[in-house]
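Architecture at a glance
Residues per chain are reported as follows:
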Amino acid sequence: MIEKGYMADQSELGNVYYPSEGIRITEGIAVNYMDYPWISCFEVEGIEIIKDKKAQREWILEHPDMGYSLVDEK
């Protein structure tokens, strides 16, 4: 997954892979196993999708320690 441009973070249940662009880490990433009457699944907390390119660029510039890079838009 790393070769495809994804970042990785550890959770209690193992690695969490997420895209290297277009997201914001809002807190520590957590993976929760949820058991609903209709389905059992994993839910991820701490990752938010950035829909606004300007907000995405500002966040990357404010968090250089996260390892994200800016790609010039053409």
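Shown above is the structure to which this text applies.
Model, not experiment: these values are computed from the prediction. (Residues numbered from 1 in each chain as written. Predicted model: local features only at pLDDT ≥ 70, side-chain atom pairs only at ≥ 80, totals over all residues. Heavy atoms only, no water.)

Glancing now at the overall build of the protein. Secondary structure summary: the protein contains one helix and four strands in total. Counting from the amino terminus, the protein carries its helices and strands in the arrangement β-β-β-β-α. Total accessible area computed for the protein in this model is approximately 5,800 Å², and 52% of it derives from carbon and sulfur atoms. (Helix = DSSP H or I, 4+ residues; strand = E, 2+ residues; numbered from the N terminus. Areas by Shrake-Rupley, 256 points an atom, 1.4 Å probe, with all protein chains shown as cover.)

Core analysis: the largest hydrophobic core is formed by six residues, namely Val16, Tyr18, Ile23, Ile25, Ile29 and Val31. When residues of this core are traced back to their parent elements, those giving at least two are strand S2 (14–19) and strand S3 (23–35). The leading source of residues in this core is S3, at four residues. When neighbours within four sequence positions are excluded, Val16 is seen to be in contact with Met7, Ala8, Asp9, Ser11, Ile29, Val31, Val44 and Ile47. (Core = buried A, V, L, I, M, F, W, Y, C linked by side-chain atoms within 4.5 Å. Buried < 20%, exposed > 50% of the residue type's maximum accessible area, 1.4 Å probe, protein only. Contact = heavy atoms within 4.5 Å.)

Bridge count between strand S1 (residues 6–11) and S2: six bridges; the pairing is antiparallel. Bridging from a neighbouring strand, Asp9 pairs with Val16 of S2. Between the antiparallel neighbours S1 and S2 lie two residues. (Pairing = 2+ DSSP bridges.)

Turning our attention to the packing of aromatic side chains. As enumerated under the stated definition, the model contains two aromatic pairs in all. Here the aromatic rings of Tyr33 and Phe42 are separated by 5.4 Å at their centres, their planes lie at 65°, and the arrangement is edge-to-face. Residue classification places Phe42 among the exposed residues on the basis of a relative accessible area of 54%. Seen from their ring centres, Tyr36 and Trp38 are 5.1 Å apart, and the 10° between their planes marks the pair as stacked. For Trp38, a relative accessible area of 67% gives the class exposed. (Phe/Tyr/Trp six-rings, centres within 6.5 Å; stacked < 30°, edge-to-face > 60°.)

Attention shifts here to the pairing of S3. Pairing geometry for S3 and strand S4 (residues 40–49), over nine bridges, is antiparallel. Of the residues in S4, the one forming a bridge with Met34 is Cys41. Between S3 and S4, which pair antiparallel one after the other, the connecting turn spans four residues.

Time to look at a nonpolar patch on the surface. There is a patch of nonpolar side chains on the surface, built from Met1, Ile2, Tyr6 and Tyr17 and spanning about 370 Å² of accessible area. Along the chain, Tyr6 turns up in strand S1. Look at Tyr6 and you get partly exposed, because its relative accessible area is 32%. (Patch = residues over 30% accessible without salt bridge, like charges linked within 9 Å, V, L, I, M, F, W, Y side chains within 5 Å. Salt bridge = Lys/Arg side-chain N within 4 Å of Asp/Glu carboxyl O.)

From the geometry alone we can't say anything about function, so treat these as descriptive.
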